[in-house]
Amino acid sequence: IVSVSPEFEDCKEIAQRAQDHIPGGVNSPVRSFKSVGGTPLFIQRGKGSRIWDADGNELVDYVGSWGPLILGHAHDSVVEAVERALGKGLTFGAPTEGEVELAKMIVDALPSVDMVRLVSSGTEATMSAIRAARAFTGRSKIVKFAGCYHGHNDGLLVEAGSGGATYSIPNSAGVPEGYARETLVADYNDVNSVQRLFDSHPAEIAAVILEPVAANMGVVPPAPGFLEGLRLLTANNDALLIFDEVITGFRVAYGGAQTLYGIVPDLTCLGKIIGGGCRWGPTAEGGMSWSGSAPGQYVPGWHTVRKPACGNGGDSNPQGLAAPGTYEGLEAASARLADGLAAAALKAEVPLTINRVGSIMTAFFNGGPVEGWDSVAASDRERYSAYFHLMLERGVYLAPSPFEAAFVSTAHTPEDIGATLEAAEYALARV
Ligand SMILES: Cc1ncc(COP(=O)(O)O)c(CN[C@@H](CN)CCC(=O)O)c1O
């Protein structure tokens with residue numbers, strides 16, 4: 001890996017200007033480096049597994065824009081597809097054939113999905129799915145899980161109320177108490193915590209929404225029986241099961257986590273990979289007698305699928321991913337990385353728990369096991385911050401937060417993985 005000028009002078013200069021014009025200097029909190037300290041890197045370009053920051057530092061990238069870039073940066077087929085589409089116009093405020101083809105590709109890939117409504121972000125996908133669930137059931141309560149993130153819908157920016165309170169409280173300013181009260185918070189990998197909510201709110205819960213593999217508290221896989229238990233519980237209580245597969249869709253398997261674990265949700269939210277790197281977030285509705293929207297449910301128009309260009313970009317993504325051996329290659333590279341990190345931690349006598357599903361993983365500075373928000377929260381954040389900066393010094397760009405995932409792409413070469421493991425040996429010996 002090329003040498004990194006750790007002063008990041010140009011990034012710092014841009015960061016200063018950014019502060020003058022953008023609240024916090026970034027357009028999404030997790031990009032601020034607040035969790036790890038230091039100045040956020042301002043990225044100039046990316047190709048394959050590499051990114052270059054404003055100081056010209058070349059870095060092996062494991063953020064991958066938080067998941068979309070499973071084929072790596074600026075993949076030729078994606079760039080060609082988007083360039084082809086760009087010349088035909090950016091937005092028409094009218095349907096395009098590309099949307100139909102993309103919707104069909106999603107239906108073909110995810111057996112639980114009958115129909116797809118395309119919107120412009122993961123937030124809008126989960127917001128639309130929740131509205132559809134409320135419209136379909138006529139109920140208002142939603143169950144989410146501590147540690148899971150579904151975008152910045154007001155009603156989901158909540159945390160469990162303190163003590164025995166069964167009602168949630170907002171975890172962001174500006175969210176009215178009334179909104180928070182409609183969302184109940186359960187514990188990931190604990191079906192009984194959901195059973196208790198159904199018992200205390202009979203016939204009030206419209207849906208349970210979750211990341212079938214949690215990745216927004218770091219990667220936490222579903223415990224055996226957890227997803228099956230939720231499927232049974234929601235079916236027995238006439239509530240819907242919503243899989244937020246914005247990260248896991250086309251990531252952990254071509255058919256997403258629902259295919260990997262054999263669970264049929266009622267609604268699926270996708271994003272990231274399906275947009276091929278453009279902003280995108282389909283709500284895929286499946287297994288339900290109606291589609292697109294329940295009678296009277298409103299999902300507004302102009303912002304919906306305003307980017308035919310990206311739709312075409314996204315098209316090439318799923319097609320590329322369907323090629324034989326794609327996921328086997330990702331599995332091999334990711335397993336080598338995870339095993340190598342575990343070996344380096346053992347050698348450095350650093351307690352490290354690595355949770356991995358396919359090509360997403362998180363190294364928790366924690367003796368483990370890490371199975372839900374409580375054990376995640378017990379991880380050593382300071383040690384992660386030190387590790388993050390030591391890895392950056394050695395040219396490896398990880399998530400600037402201990403509670404996110406690292407993403408391996410088909411563009412990560414054996415040399416990238418080898419260099420990453422060398423950097424990890426250096427870093428773990430110094431944290
Ligand atoms: C499971 C899940 N569901 C929904 C969302 C929201 O998607 P967007 O609105 O950012 O497209 C996300 C967004 N993910 C974060 C990082 N984990 C994106 C952060 C960023 O892009 O800065 C998600 O992970």
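Quick caveat, the model's predicted, so the values are computed rather than measured.

Draft legend 1. Fine view of the packing of helix 6 (residues 191-200) against helix 7 (residues 226-236). Viewed as axis vectors pointing N to C, helix 6 and helix 7 meet at an angle of 15°, and their least axial separation amounts to 10 Å. Comparing their axes, helix 7 and helix 6 come out roughly parallel. Crossing of helix 6 against helix 7: the hand is right-handed. Of the residues in helix 7, those touching helix 6 at Val191, Val194, Gln195 and Phe198 are Phe226, Gly229, Leu230, Leu233 and Thr234.

Draft legend 2. Spotlight on the pairing of strand 10 (residues 240-244). Among the 5 residues that make up strand 10, 5 are buried, leaving the element largely enclosed by the rest of the structure. Both faces of strand 10 are covered, namely the face carrying Leu240, Ile242 and Asp244 and the face carrying Leu241 and Phe243. Of the strand pairs in this sheet, strand 9 (residues 205-210) and strand 10 are connected by 4 bridges, and their pairing is parallel. Bridge pairing in strand 10 places alanine 207 opposite leucine 240.

Draft legend 3. Up close: helix 10 (residues 326-348). Helix length check: helix 10 (23 residues) gives 33 Å between terminal C-alpha atoms against 33 Å at 1.5 Å per residue, within 8%. Turning to helix 10, its buried residues number three or more, namely Thr326, Tyr327, Leu330, Ala333, Ser334, Ala335, Leu337, Ala338, Gly340, Leu341, Ala344 and Ala345. One or two steps after helix 10, the chain reaches glutamate 349, where phi turns positive at roughly 55°.

Draft legend 4. Quick look at helix 4 (residues 122-137). In this model, helix 4 (16 residues) spans 22 Å end to end at C-alpha, consistent with the 22 Å of a helix rising 1.5 Å per residue. Among the residues of helix 4, those classed as buried are Gly122, Thr123, Glu124, Ala125, Thr126, Ser128, Ala129, Ile130, Ala132 and Ala133. Glycine 138 lies just past helix 4 and shows a positive phi near 75°.

Draft legend 5. Representation of the side chain of serine 401. Relative to the assigned elements, serine 401 resides in the loop between strand 15 (396-397) and strand 16 (406-407). Of the polar contacts made by the side chain of serine 401, one reaches the backbone nitrogen of phenylalanine 403; its length is 3.1 Å. Discounting chain neighbours no more than four positions away, the residues touching serine 401 are Val30, Ser35, Val36 and Tyr384.

Draft legend 6. Seen up close, the nonpolar core. With 42 residues, the main nonpolar core has Tyr62, Tyr387 and Tyr397 as its most contacted residues. Within the residue set of this core, elements represented by two or more residues are strand 3 (58-61), helix 10, strand 14 (360-364), helix 12 (381-393), strand 15 and helix 13 (414-428). Ranked by residue count, the leading element in this core is helix 13, at 7 residues. Setting aside residues up to four positions removed in sequence, tyrosine 62 forms contacts with Leu337, Val396, Tyr397, Leu398, Ala405, Ala406, Phe407, Val408, His412, Asp416, Ile417 and Thr420. If you look at the next biggest cluster of nonpolar residues, it comprises 27 residues, including Cys148, Val220, Phe226 and Leu227.

Calculation criteria
Residues numbered from 1 in each chain as written. Predicted model: local features only at pLDDT ≥ 70, side-chain atom pairs only at ≥ 80, totals over all residues. Heavy atoms only, no water. Axes fitted to C-alpha atoms, helices over the stretch in contact; angles between N-to-C directions. Helix = DSSP H or I, 4+ residues; strand = E, 2+ residues; numbered from the N terminus. Parallel < 35°, antiparallel > 145°, perpendicular 65-115°, else oblique. Left-handed = near helix turned anticlockwise from the far one by under 90°. Contact = heavy atoms within 4.5 Å. Buried < 20%, exposed > 50% of the residue type's maximum accessible area, 1.4 Å probe, protein only. Pairing = 2+ DSSP bridges. Expected span 1.5 Å × (residues − 1). Polar contact = N/O pair within 3.5 Å; in protein donor to acceptor, adjacent residues only side chain to side chain. Core = buried A, V, L, I, M, F, W, Y, C linked by side-chain atoms within 4.5 Å.

Purely geometric stuff here, so don't read any function into it on its own.
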